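Inside the fold
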Amino acid sequence: MAKISLIVNGNPVTGNIDPRTLLVQFLRENLRLTGTHVGCDTSQCGACVVHLDGKAVKSCTTLAVMADGHEVKTIEGLAADGAPLHPMQEAFREHHGLQCGFCTPGMIMTAVDLVHRKGHDLSDHVIREELEGNLCRCTGYQNIVVSIAAGAKAMANSDLA
Amino acid sequence: MYEFKYHRPETVRQAANLLIKNEDAKFVAGGHTLIPVMKQRLAAPPHIIDLSHIQGLDGIEIKGRSLVIGALAKHAEVATSAIVGEAFPALAELAALIGDPAVRHKGTIGGSLANNDPTADYPAAVLAMGATIVTNKRKLKPEEFFQGLFTTALEPDEIITKVAFPLPKKAAYIKFRNQASRYALVGVFVAKRPSDVRVTVTGAGSEGVFRVEAFEQALQKRFSPKALDGLTVPAEGLNSDLHGSAEYRAHLIGVLAKRAVEAANARA
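Residues numbered from 1 in each chain as written. Chains lettered and ligands numbered in written order. Predicted model: local features only at pLDDT ≥ 70, side-chain atom pairs only at ≥ 80, totals over all residues. Heavy atoms only, no water.

Residues and elements named next belong to chain B. Spatial ordering of the open sheet is given by β1-β3-β2, a layout of 3 strands whose pairing is parallel. Every interior strand has two partners, whereas the edge strands, β1 (5–7) and β2 (26–28), have only one. Sheet twist, expressed as the average angle between the axes of neighbouring strands with direction ignored, equals 30 degrees. Two elements, β2 and strand β3 (residues 47–50), share 3 bridges in a ladder whose sense is parallel. Note that in β3 the partner of Val-28 across the bridge is Asp-50. Packed on one face of the sheet, helix α1 (residues 12–21) meets β1, β2 and β3 and runs near 170 degrees to β3. (Pairing = 2+ DSSP bridges. Helix = DSSP H or I, 4+ residues; strand = E, 2+ residues; numbered from the N terminus. Axes fitted to C-alpha atoms, helices over the stretch in contact; angles between N-to-C directions. Contact = heavy atoms within 4.5 Å.)

This part covers the domain arrangement of chain A. Residues and elements named next belong to chain A. What the domain assignment reports for chain A is domain 1 (2–76) and domain 2 (87–155). Computed over C-alpha atoms only, the centres of domain 1 and domain 2 are separated by 21 Å. The partner domain 2 presents 13 residues to the 17 residues of domain 1 that form the contact. At the boundary of domain 1 with domain 2, total buried surface from both sides reaches about 1200 Å², with 61% on carbon and sulfur atoms. Per-residue buried area on domain 1 facing domain 2 is highest for His-37, His-51 and Ile-75; these three make up 41% of the total on that side. Inspection of the domain 1/domain 2 interface yields 0 salt bridges. Applying the counting rule to domain 1 against domain 2 returns 7 residue pairs in polar contact (both at pLDDT 80 or more). The element best represented in the side of domain 1 that touches domain 2 is strand β4 (residues 55–58), accounting for 3 residues. Of the residues contributing to the side of domain 1 that touches domain 2, the split by class is 6 nonpolar, 8 polar and 3 charged. (Domains from an automatic or database assignment. Buried area = accessible area lost by both parts, 1.4 Å probe. Salt bridge = Lys/Arg side-chain N within 4 Å of Asp/Glu carboxyl O. Polar contact = N/O pair within 3.5 Å; in protein donor to acceptor, adjacent residues only side chain to side chain. Nonpolar A, V, L, I, M, F, W, Y, C, P; charged D, E, K, R; others polar.)

This part covers empty space enclosed by the protein. Across all of its chains, the model carries 2 cavities of 30 Å³ or more by this definition. Within this model, the largest cavity holds a volume of roughly 40 Å³. Lining the largest cavity are Val49(A), Ala56(A), Thr110(A), Asp113(A), Glu130(A), Gly133(A), Asn134(A), Asp100(B), Pro101(B) and Ala102(B). Breaking the lining of the largest cavity down by element, the ones donating at least two residues are α3 (104–118) of chain A together with α6 (101–104) of chain B. Looking at the second largest cavity, its volume works out to about 30 Å³. Lining the second largest cavity, in full, are Gly97(A), Leu98(A), Gln99(A), Cys100(A), Gly101(A), Cys103(A), Thr104(A), Cys136(A), Cys138(A), Gly140(A) and Ile144(A). (1 Å grid on protein atoms, 1.4 Å probe; cavity = no way out; pocket = protein on both sides within 12 Å on 5 of 7 lines; lining within 4 Å. Points joined across faces, edges and corners; volume = space filled by probe spheres on them.)

All names here are of chain B. For the structure on display, the rule yields 5 aromatic pairs over all chains. Taking 6.2 Å as the distance between ring centres and 85 degrees as the angle between the ring planes, the aromatic pair formed by Phe-88 and Phe-189 counts as edge-to-face. Of this pair, Phe-88 sits in the loop between α4 (82–87) and α5 (89–96) while Phe-189 sits in strand β10 (residues 184–192), and the two are 101 residues apart along the sequence. Judged by relative accessible area, Phe-189 falls into the buried class, the value being 0%. Taking the centre distance of 5.2 Å and the plane angle of 80 degrees together, the rings of Phe-145 and Phe-146 count as edge-to-face. The same class applies to Phe-145 as to Phe-146, namely buried. (Phe/Tyr/Trp six-rings, centres within 6.5 Å; stacked < 30°, edge-to-face > 60°. Buried < 20%, exposed > 50% of the residue type's maximum accessible area, 1.4 Å probe, protein only.)

With that settled, the discussion passes to the packing of helix α2 (residues 87–94) of chain A against helix α5 (residues 141–155) of chain A. All names here are of chain A. At a minimum axis separation of 8 Å, α2 and α5 run at an interaxial angle of 140 degrees. Regarding the angle of α2 to α5, the classification is oblique. By crossing handedness, the relation of α2 to α5 is classed as right-handed. Here α2 contributes Pro-87, Met-88, Ala-91 and Phe-92 to the contact with α5, which in turn contributes Ile-144, Ser-147, Ile-148, Ala-150, Gly-151, Ala-152, Ala-154 and Met-155. (Parallel < 35°, antiparallel > 145°, perpendicular 65-115°, else oblique. Left-handed = near helix turned anticlockwise from the far one by under 90°.)

Residue and element names in this part refer to chain B. Segmenting chain B into domains produces domain 1 (5–48) and domain 2 (60–266). One C-alpha centre belongs to domain 1, the other to domain 2, and the line joining them spans 26 Å. Opposite the 10 residues of domain 1 that make contact, domain 2 presents 12 residues. Summing both partners gives a buried area of about 850 Å² for domain 1 against domain 2, and 74% of it is carried by carbon and sulfur. Summed over the shared surface of domain 1 and domain 2, the number is 0 salt bridges. Viewed at the interface, domain 2 and domain 1 are joined by 0 residue pairs in polar contact (both at pLDDT 80 or more). Per-element tally for the side of domain 1 that touches domain 2: the top contributor is α1, with 5 residues.

See below:
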């Protein structure tokens, strides 16, 4: 077993885990943060995307022990419970950026990372290129792209990062 | 995944010692090759040595006439580095074509080279530029470093610490991706170096990255796509799978090489 301590959504957490534990397993099974999904489990689909030290990564391809001492943000960390949604979440709601919703947490975490890297004015082309690692099996990409463009703009006027 | 013991060394020396002490141990940096293979139970290393917390191995700098990149530099860092973009834009473009944004936040140049996947991108640039692979023990030229499918000259206690790329006059990398895996079905790197021209191919060779000397000689006389008219690469020895036949890959090499020369010439 391995002892780990890290910051998840701003809160210090600890765990005594088998080193084999994937970050996504630790989040879902130990911390019960089930917003992060396991889709393909092969680093293709992006349903498991979280932010590790502020950067989008695939938590199905990261060992939880490798995140020891680091900072993780999941979809649950974007906005507080009961508070208004994060602008990117709100944009997905407003523009119907989801059908079944399974890929949505990963799409939104990827989108927020994209805004951090490339700013608030994103062309459709850039958004589509940047969604390379996120698959939607409902093939709802059109509204996902519209949602991300709108969410990126809305983030410019929000306190939520 | 099978059980393993996890180690987190803080220096290259500690990491090398851990590898000597623990037989069949494996290094992990970004983990985007090793972890999937362990999940599939195709590898079951009893010890995992995490290199990602060793300080000072992720620098990117110009030293003399070379671009020196630390082994732990991530693909995203190479792709967006102002230094790389200025001195060797073809390399920044290559790094930006690896995997997807989340994968590029984890994968490292050292990990990619040590794995020597026959469809990886970096080996094409390293062989084309005659880059020096620096380890904790010695310096290696690409011709001695790459030894075929997933095989390198690295010894059991040897760790890549940096890669030094001599700078080209002009270069470009054109990749035809497998749409699902994002690895190169074929990738061609063309470099006009101070003394000669090199053309390297990844994704197609059954023994990994290789040079196309007939193309190099033609481009040496005239660095133009037209110089490659009528020249072909034989399909023998090329990979053939459900994604493309050896003949298809051979054809792609010719097409991509011309596009790479065109792209290199388009740079001011």
